[in-house]
Amino acid sequence: MGNVERCDKTLPLNEMIFYVRRDRDLRERWKTDLAGLAREFGLSQSEYEALRDQDIRRLNEMGVHQYYLPQILRLFHGAAANTNSHPALEAYKRAFPDETARALELQTRVEGRQARELR
Amino acid sequence: MAEIVAAMAMTHSPGLTGWFARAPEEHQQLARRAMDEMRERLHAARPDVILAFSNDHLLNWPINNTPEYTVGIGEEHVGPADWYDEWLALDKYRIPGHPALARHLVNEGARRRLAFAYLRRMEFDDGFSVPMHYLNADGRIPLVPVGMNCTVPPIPTPERAYHVGAMLREIVRAYPGRERVAVLATGGLSHEPGGPRYFWVDEEFDRRFLDLLKGGDHQALLRECTLERMEEAGSGGTAELLAWIVVLAFTSGPADVLAYMPAIAWRTGTGMVVWDMEPRPVDVGPPAGRPGQPTDTEVAQ
């Protein structure tokens, strides 16, 4: 099965994102007191560090549900104009360079013109 | 007894509202025309209520408890959820619910051994917000939203979705009112939201899936489009097509595929489909012409 099967449904971070996303005050605290928030939700030190470093590859490997990964990046970088050149998506390109290169080739083929970067 | 008067399906990717203009012009035109046609055909069917199915993107239930199906039973639905409005670039909207039908689904489902969770106040992400923006922007048609789990393992199988769809068709028909019901599936096609292949779409899989819908042979589709095949085409996202398979079970015969776009800019294989729900005319052979009246051919001569 695919990448989503990596998900560790019992990982505290997977619970934390659910509540942060739905609560304006928690979203504010995400920006000002991430360490405190992580403690309250019972994140391990390595979960917290991967989160703080926005290390998407590592978070994916440790079992954060893949759907939450871009949401984590949007909590850091904002949600508006979430195109393929938004900072959240640039983080993906760095985390998964091989997959991104293949997608770039595909975009060139689909759009019938040379693409230098994913749009 | 309620009547199913329309059945349709479309992609709900946030790019369709949030950054529509970033796709190639050709994709924009295809999508716009297809959604215009869907809206026209939806309204032409004069539905009293839209019964819509979509993946819940881990918004309504925490990951420790993700029901397979959740019915929104509220008097009124308000979306998009805070924080999603910015992502989707949508203003808040209000759409009336249809609590009587929604509660009938929950209770009649239970009597038939189907466990439907429900929410009186559902939160709305792209799943319902994007299609409602294009198909029901003024909120004139009441909505019964049914959220599905298409992304938290264990992801249900297409066979299961088809079975639930077939049961739901009977449950809707057994509703004591005379409502005209439009069924709508949202989500898909191939995409891997948040996975390593976030920018990828699987055009070959998507076109095959749509061809199978065009063919109208449900069993052939279920044999070929397994959960494993969906996961290969894009993990954790392509299985949103389970919503399409629920709606498939409400239909018979071929679907009209209105458009397909392998839209990397929207990070989703994007498609729109409508099934013809008009009662089929009974084939009685060539027109005989009534006695005493000339046939069209005779008039022409």
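Residues numbered from 1 in each chain as written. Chains lettered and ligands numbered in written order. Predicted model: local features only at pLDDT ≥ 70, side-chain atom pairs only at ≥ 80, totals over all residues. Heavy atoms only, no water.

Caption draft 1: Spatial organisation of the packing of aromatic side chains. Enumeration over the complete set of coordinates arrives at 14 aromatic pairs over all chains. Taking 6.2 Å as the distance between ring centres and 25 degrees as the angle between the ring planes, the aromatic pair formed by Y19 of chain A and F41 of chain A counts as stacked. Residue Y19 of chain A is located in helix α1 (residues 12–21), and its partner F41 of chain A is located in the loop between α3 (34–40) and α4 (45–52); the two are separated by 22 residues in the primary sequence. With relative accessibility at 36%, the residue Y19 of chain A sits in the partly exposed group. Under the relative-accessibility criterion, F41 of chain A is labelled partly exposed at 24%. An aromatic cluster is defined as three or more aromatic residues linked by ring pairs; in this entry it consists of Y92 and F96 of chain A together with Y198 and F199 of chain B. The cationic tip of R74 of chain A hangs over the ring face of W87 of chain B; the distance from NZ or CZ to the ring centre is 3.8 Å. Directly above the ring of Y198 of chain B sits R267 of chain B, whose terminal nitrogen or CZ lies 4.9 Å from the centroid. (Phe/Tyr/Trp six-rings, centres within 6.5 Å; stacked < 30°, edge-to-face > 60°. Helix = DSSP H or I, 4+ residues; strand = E, 2+ residues; numbered from the N terminus. Buried < 20%, exposed > 50% of the residue type's maximum accessible area, 1.4 Å probe, protein only. Lys NZ or Arg CZ within 6 Å of the ring centre and 35° of its normal.)

Caption draft 2: Layout of the side chain of R27 of chain A. Along the chain, R27 of chain A turns up in helix α2 (residues 24–32). Buried within the structure, R27 of chain A lacks any salt-bridge partner; D82 of chain B is the closest side chain of opposite charge, at an N-O distance of 5.1 Å. A polar side-chain atom of R27 of chain A sits 2.8 Å from the main-chain carbonyl oxygen of R21 of chain A. If we ignore the near neighbours within four places in the chain, the residues touching R27 of chain A are V20, R21, R22 and L75 of chain A together with D82 and W83 of chain B. (Lys, Arg positive; Asp, Glu negative; His and termini not counted. Salt bridge = Lys/Arg side-chain N within 4 Å of Asp/Glu carboxyl O. Polar contact = N/O pair within 3.5 Å; in protein donor to acceptor, adjacent residues only side chain to side chain. Contact = heavy atoms within 4.5 Å.)

Caption draft 3: View of the sheet that holds strand β3 (residues 69–72) of chain B. Residue and element names in this part refer to chain B. Reading across from one edge, β6-β3-β7-β2-β8-β1-β10-β9 is the order of the eight strands in this open sheet, with mixed pairing throughout. Looking at the sheet topology across the chains shown, the edges are occupied by β6 (117–119) and β9 (255–263). Adjacent strand axes in the sheet meet at a mean angle of 20 degrees, parallel and antiparallel pairs treated alike. Across six bridges, the pairing between strand β2 (residues 49–55) and strand β7 (residues 143–148) is parallel. Paired with A52 across the strands is P145, a residue of β7. Lying over the sheet, helix α10 (residues 241–248) contacts β1 (3–10), β2, β3, β7, β8 (180–186) and β10 (268–275), oriented at roughly 150 degrees with respect to β8. (Pairing = 2+ DSSP bridges. Axes fitted to C-alpha atoms, helices over the stretch in contact; angles between N-to-C directions.)

Caption draft 4: Structural detail: the interface of chain B and chain A. Between chain B and chain A, the contact holds 43 residues from the first and 44 residues from the second. Taken together, the two surfaces of chain B and chain A that pack against each other cover about 4,100 Å², and 65% of this comes from carbon and sulfur. A per-residue breakdown of the area chain B buries against chain A is headed by I63, W83 and F199 of chain B, which together make up 20% of the total. Taken together, the connections running from chain B to chain A amount to one salt bridge. Inspection of the region where chain B meets chain A yields 19 residue pairs in polar contact (both at pLDDT 80 or more). Among the elements of the structure, α3 (84–88) and α9 (227–233) of chain B are those that each provide at least two residues to the side of chain B that touches chain A. In terms of residue class, the side of chain B that touches chain A is made up of 24 nonpolar, eight polar and 11 charged. (Buried area = accessible area lost by both parts, 1.4 Å probe. Nonpolar A, V, L, I, M, F, W, Y, C, P; charged D, E, K, R; others polar.)

Take it as geometry only, folks, not as evidence of what the structure does.
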